[in-house]
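# Overview (structure and organization)
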Amino acid sequence: MIKMKDILDEKDKRLRNISKEVTFPLSQKDKDTINDMIEYLHDSQIEELSEKYNLRPGMGMAAIQLGINKRYFVVVHEVTKEDDEEQKFDTYVIINPVMISHSEEEIAADAGEGCLSVNRDVEGYVKRYARVKFEGYDIDGNKISIRAREELAIAFQHELDHLNGILFIDKITNNNDGIRTI
Ligand code: NI
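Residues numbered from 1 in each chain as written. Predicted model: local features only at pLDDT ≥ 70, side-chain atom pairs only at ≥ 80, totals over all residues. Heavy atoms only, no water.

## Here's the deal with the pattern of salt bridges
Using the criterion set out here, one finds 15 salt bridges in the structure. Note that Asp 170 is salt-bridged to Arg 16, the shortest N-O span being 2.7 Å. Here the residue Asp 170 occupies a position in the loop between α3 (150–163) and β8 (180–181), and Arg 16 occupies one in the segment before α1 (28–44), the gap between them amounting to 154 residues. Residue Asp 170 is classed as partly exposed on the basis of its relative accessible area, which comes to 44%. Between Glu 135 and Lys 143 there is a salt bridge; the shortest N-O distance is 3.7 Å. Taking relative accessible area as the criterion, Lys 143 reaches 54% and is therefore assigned exposed. (Salt bridge = Lys/Arg side-chain N within 4 Å of Asp/Glu carboxyl O. Helix = DSSP H or I, 4+ residues; strand = E, 2+ residues; numbered from the N terminus. Buried < 20%, exposed > 50% of the residue type's maximum accessible area, 1.4 Å probe, protein only.)

## Comments concerning the coordination of the nickel ion
Protein coordination of the nickel ion is provided by Cys 115 (SG), His 158 (NE2) and His 162 (NE2), with donor distances spanning 2.1 to 2.3 Å. All donors of the nickel ion belong to a single chain; written as a sequence motif, their spacing is C-x42-H-x3-H. With Cys 115 in the loop between β4 (106–108) and β5 (128–129) and His 162 in helix α3, this pair connects stretches of sequence that are 47 residues apart. Pair check on accessibility: Cys 115 and His 162 agree, each one buried. (Donors = N, O, S within 2.8 Å, 3.2 Å for Na, K, Ca; no water.)

## A look at the side chain of Gln 157
Its place among the elements puts Gln 157 in helix α3. Among the residues examined, Gln 157 registers a relative accessible area of 6% and is labelled buried. A polar side-chain atom of Gln 157 sits 2.9 Å from the main-chain amide nitrogen of Tyr 129. Not counting residues within four places of it along the chain, the set of residues in contact with Gln 157 comprises Met 99, Arg 128, Tyr 129, Val 132 and Phe 134. (Polar contact = N/O pair within 3.5 Å; in protein donor to acceptor, adjacent residues only side chain to side chain. Contact = heavy atoms within 4.5 Å.)

## Here's the deal with the sheet that holds β4
An order of β5-β4-β8 is seen for the three strands of this open sheet, with the pairing classed as mixed. A strand with exactly one partner marks an edge of an open sheet, and here the two such strands are β5 and β8. Alignment of β4 against β5, held across two bridges, turns out to be antiparallel. What sits directly across from Ile 107, in β5, is Arg 128. (Pairing = 2+ DSSP bridges.)

## Description of the sheet that holds strand β1 (residues 60–62)
Taken in spatial order, the five strands of this open sheet run β1-β2-β3-β6-β7, and their pairing is antiparallel. In the strand order of this sheet, the two ends are held by β1 and β7 (143–149), each with one partner. This sheet shows a mean twist of 40° between the axes of neighbouring strands, independent of strand direction. Here seven bridges tie strand β2 (residues 72–78) to strand β3 (residues 89–102), and the two strands are oriented antiparallel to one another. Residue Glu 78 lies in a different strand from β3, and its bridge partner there is Phe 89. Strands in contact with α1 are β1, β2 and β3; relative to β2, the strand with the most contacts, it is inclined by about 25°. Each of β1, β2, β3, β6 (131–137) and β7 is contacted by α3, which is oriented at about 160° to β2, the strand it contacts most. (Axes fitted to C-alpha atoms, helices over the stretch in contact; angles between N-to-C directions.)

## Focus: the pairing of β2
Taking burial as the measure, the seven residues of β2 include six buried ones, the bulk of the element. Alignment of β1 against β2, held across three bridges, turns out to be antiparallel. Residue pairing for β2: Ala 62 is matched across the bridge by Phe 73.

## Quick look at the packing of aromatic side chains
By convention here, two paired aromatic rings are described through the distance between centres and the angle between planes. Summed over the entire model, instances satisfying the criterion amount to five aromatic pairs. When the ring of Phe 73 is compared with that of Phe 134, the centres are 6.3 Å apart and the planes differ by 75°; the resulting orientation is edge-to-face. Taken as a pair, Phe 73 in strand β2 and Phe 134 in strand β6 lie far apart in primary sequence, 61 residues in all. Residue Phe 134 is classed as buried on the basis of its relative accessible area of 1%. (Phe/Tyr/Trp six-rings, centres within 6.5 Å; stacked < 30°, edge-to-face > 60°.)

So, in structure tokens, the structure goes:
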């Protein structure tokens, strides 16, 4: 189980490393890590569990945030609808992700972005593409292609940045330059 203390803080220089391509088959350790990441992200978004286990809520995590210098990330995206009785989530695991295309349109998260490695509120906008197409591999080494838009697209771009040693605070601006906020 991943605890808050396992997640590297923004001051940790390892977060600035460029993560390395993963070779297949994946090690059992990496598979276990991915499952732990899914569990953390899922539980952290459920109030009862986040309080019980003291988890700061997050929807995405890159391996490097655990000090693992490998190119993969997990996003657990809440898709609960109004009439759902319990919270629902879509889970994405992308290994060796590449953003192969994107919209011209840019957006920014209205409330600012958050990051499990940045344990403070940071105001401002981070410009992201509104729609993206990512390719990569699943946990079994099968090639995958995923389209994402809006909040999910922001999450994918945020996590891809982590694999390149970039934090959202590097990209923050005080002005949204008229781009759409969500
Ligand atoms: Ni982050």
